Structure formats: C-alpha cells, structure tokens
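# Descriptive structure summary
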Amino acid sequence: MIAVIGGSGLTQLANLEITRRKIVRTPFGEPSGPLTYGHLGEQEVVFLARHGYGHTLAPHEINYRANLWAIHAEAVTRVISVCTVGGIAASLGAGTIALPDQIIDYTWGRPSTYFEGAQQPVTHIDFTHPYDEETRQMALAAARDAGVALVDGGTYATMQGPRLETKAEIDRLERDGATMVGMTGMPEAALARELGLKYAALAVVVNPAAGRGASARTVSLDDISRVMEESMGGVRLIVARMVERHAGP
Ligand code: HPA
C-alpha cells in the first residue's frame, strides 16, 4: 500500500474516498493524528497530516518516529511526502513543484533514529541517495501523465524552524549547494530508510527564500498561503496518478 504524508496546505486529500480512521499507538508515542484510510480510484491509500489535522504541530514538535512507525506497521511499502519549501535557486520560483534528489540536514534535537537505546545494536543505514529512485521515477511519470510540470532534482536543506531564515543563512545554504529550503524533510527521510520504506518527496515552492526575488526585503506570508492553495491542485493530480501506478503491495 502507498502512504501520503501531507504537509502545510495538504491536510487532506480532496479526492480521497475515506473509508476509516485508525488511531495507531507506537513504542515512540503518538503520531500526528489518526491514519486516514481511503481509496483513490481503485487503490487503497493511507493518509497522514504531518502537522496534525488542525495544523497545530510545528516542524520540530512533530513526532517523526511515531508517524513513520505507524505507517510502516500498516503494511505500507511506499511513502509520498508532500512538503512546502522556499526556493533558493532562481529556477525554483513560487508555484514550482520539485522532486528533490538530495538533502542537507541542519536540524537539531529531533529524535532521528530507531537504532538507539541499550537493547539496540548500533546500525548505520546507507543514505548516499536519500530518496528512493523508483518512487522518484514514478512521480516523474505520474506528472507527465497528469500534464503537471515537475522539476527533477534539487537539494533540500532542512532547517529547524519554525522561524524563516535570515538572508545570510540562505546565502550560506546556497554556498553549501542547497536549491530549496524547508523544515520537515528530516529526520523523516532517514527514518523511512531505516524502516525500509520507499520514500520520495514532492516539494512545493511557496515563496522565494529570504533575500531572494520577491522576498528580497521580507517573505510575504500572505503570498505563501495563496501559492500553497494554487499549487496543491497539481500535487493532488500527481499523487492520484502515482497511486494508480502503485499496483500491488
Ligand atoms: N524556509 C523554510 N521553510 C519553508 C520556507 C522557507 O522559506 N517556505 C516554506 N517552507
């Protein structure tokens, strides 16, 4: 089964025929909310709102371990993460939907592994390519089918938040090679890898990053809300086609 983790702007899948909600408890505490089961076309999917259904959890308050654990416990094999980002590269203007292929993690203090504690042998996962290539290719094909533009590749800098960045911070991220910046990419992707889940992210650019383009002086939060609304239609179309393509377990 395929799971969709929705971020800001996607606290529900409009085209999802909901069949049930399930509260899942995990050894790591409570997920952001109940898992929502439903159908998109023929396929069953499970949906989880990353920030909670009332959008109350800040990026650093999200229990990423519980979220991924709950999803994994439900016989999910593939995860589509939907998130919003600021565009650092000039080519990633507001409204662009991107499919990152790399991550730089600047977060701190977030529980970020399942492999800790006295009972656990130390385990290192390979994370050279943090996103699952098969799932990325599915997303590209789905976007082509749906006629929605999807930018292939990019380096997602994950910042702690919840505040937005200073211009100097964005300059530094750019020097580091980041092309987009968000707050929820990690540790989600690493936890998915630890659990063996096939995971890729659709990153919606909702603003130029601080100090860039229209955000030269300030980042307009009104513009962010507007672009988010406008762009989620395309995301929903891509997700629906990906779910169609994910036949089997
Ligand atoms: N910075 C960090 N996270 C974000 C941004 C941003 O500019 N836009 C949306 N999420």
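Preceding this section is the structure that the text describes.
Looking at the ligand, the residues that line it are Thr-84, Val-85, Gly-86, Leu-164, Glu-165, Val-181, Gly-182, Met-183, Val-206 and Asn-207. In the complex, the protein chains occlude 93% of the 260 Å² of accessible area that the ligand would expose alone. For the shell around the ligand, the secondary structure elements donating two or more residues are β5 (78–87), β10 (180–182) and β11 (198–208). Ranked by residues supplied to the shell around the ligand, first place goes to β5 with three residues. Considered class by class, the residues forming the shell around the ligand number five nonpolar, four polar and one charged.

With that settled, consider the pairing of strand β9 (residues 155–158). Every second residue of β9 is oriented toward a common face, with Thr-155 and Ala-157 on one face and Tyr-156 and Thr-158 on the other, all of them buried. Across four bridges, the pairing between strand β7 (residues 102–105) and β9 is parallel. Its bridge partner lying in β9, Gln-102 is registered against Thr-155. Strand direction decides the pairing type here: β9 and β10, joined by three bridges, are parallel. Paired with Ala-157 across the two strands is Val-181, which belongs to β10. Traced from β9 through helix α3 (residues 167–176) to β10, the parallel crossover comes out right-handed.

Here we take up the packing of aromatic side chains. Under the criterion given, the structure shown has four aromatic pairs. Seen from their ring centres, Phe-28 and Trp-69 are 5.1 Å apart, and the 65° between their planes marks the pair as edge-to-face. With Phe-28 in the loop between β2 (17–22) and β3 (35–40) and Trp-69 in helix α1 (residues 64–73), this residue pair connects regions lying 41 residues apart in the sequence. Overall, Phe-28 belongs to the partly exposed group, its relative accessible area being 24%. When its relative accessible area of 31% is taken as the criterion, Trp-69 is described as partly exposed.

On the secondary structure map, Gly-234 appears in helix α5 (residues 221–245). Accessibility expressed as a relative area gives 15% for Gly-234, which makes it buried. Remark: the alpha-carbon pair of Gly-234 and Ala-146, spanning 88 residues in sequence, is separated by 8.4 Å. Each residue touching Gly-234, except ones within four places of it in the same chain, is listed here: Ile-97 and Val-148.

Below, the discussion takes up the packing of helix α2 (residues 133–146) against α5. In contact at an axis separation of 8 Å, α2 and α5 are set at 120° when each is read in the N-to-C sense. In the crossing of α2 with α5, the sense of the turn from one axis to the other is right-handed. Of α5, the residues touching α2 (which contributes Thr-135, Met-138, Ala-139, Ala-141, Ala-142, Ala-143, Asp-145 and Ala-146) are Leu-237, Ile-238, Arg-241, Met-242 and Arg-245. A per-class count over the contact of α2 with α5 returns nine nonpolar, one polar and three charged.

Moving on to the pattern of salt bridges. Inspection of every chain in the model, using the stated rule, returns 15 salt bridges. Ionic pairing is found between Lys-22 and Glu-74, a salt bridge with its closest N-O pair at 3.1 Å. Residue Lys-22 is located in strand β2, and its partner Glu-74 is located in the loop between α1 and β5; the two are separated by 52 residues in the primary sequence. According to the relative accessible area criterion, Lys-22 is partly exposed, its value standing at 30%. The partner of Asp-171 in a salt bridge is Arg-212, and the shortest N-O contact between them spans 2.9 Å. Remark: Arg-212 occurs in the loop between β11 and α5 and Asp-171 occurs in helix α3; sequence separation between them is 41 residues. A relative accessible area of 14% means that Arg-212 is categorised as buried.

Now for the environment of Ala-118. For Ala-118, the location among the structural elements is in the loop between β7 and α2. A C-alpha to C-alpha distance of 27 Å links Ala-118 and Ala-75, two positions 43 residues apart in sequence.

Glancing now at unusual backbone geometry. In this structure, the amide linkage connecting Gly-161 to the following residue, Pro-162, adopts the cis form with an omega of -5°. Looking at where Pro-162 falls in the secondary structure, it is placed in the loop between β9 and α3. Note that the residue after Met-186, namely Pro-187, is joined by a cis bond; omega there is 10°. Residue placement: Pro-187 occurs in the loop between β10 and α4 (188–194). At His-55, a residue that is not glycine, the phi angle is positive and equals roughly 50°. Relative to the helices and strands, His-55 resides in the loop between β4 (43–49) and α1. With a phi angle near 60°, Ala-75 is a residue other than glycine that sits in the positive phi range. Here Ala-75 shows up in the loop between α1 and β5.

Rules and cut-offs
Going along each chain's sequence as written, the residues are numbered from 1 onward. Per-residue local features of the predicted model are confined to residues with pLDDT of at least 70, and side-chain atom pairs are confined, for both listing and counting, to 80 or more; whole-chain, interface and lining totals are unaffected and use all residues. The basis for the side-chain values is all heavy atoms of the structure; hydrogens and waters are excluded. We call a residue near a molecule or strand as soon as one heavy atom of that residue lies within 4 Å of the molecule or strand. Here, Shrake-Rupley sampling with a 1.4 Å probe gives the accessible areas, and only protein chains in the shown set may cover a residue. Think of it this way: any DSSP run of H or I at least four residues long counts as a helix, any run of E at least two long counts as a strand, and we number them from the N terminus. Residues are grouped as follows: nonpolar covers Ala, Val, Leu, Ile, Met, Phe, Trp, Tyr, Cys and Pro; charged covers Asp, Glu, Lys and Arg; every other residue, Gly included, is treated as polar. Think of it in three bands: with a 1.4 Å probe and only protein chains considered, a residue is buried below 20% of the maximum accessible area for its type, exposed above 50%, and partly exposed in between. DSSP bridges decide pairing: two strands pair if at least two such bridges lie between them. Call a crossover right-handed when, viewed with both strands pointing away from you, the route from the first strand across the helix to the second goes clockwise. Only centres within 6.5 Å qualify two rings of Phe, Tyr or Trp (six-membered ring in Trp) as a pair; their planes then separate them into stacked at under 30 degrees, edge-to-face at over 60, and tilted for everything else. Contacts are residue-level and defined by heavy atoms, with any inter-residue pair within 4.5 Å sufficient. Every axis corresponds to a line fitted to the C-alpha atoms, with the helix fit spanning only the stretch in contact, and the corresponding angles, defined between N-to-C directions, vary from 0 to 180 degrees. Crossing handedness: left-handed means the near helix sits turned counterclockwise from the far one by under a right angle, and right-handed means the same turn made clockwise. By salt bridge we mean one thing: a side-chain nitrogen of Lys or Arg within 4 Å of a carboxyl oxygen of Asp or Glu.

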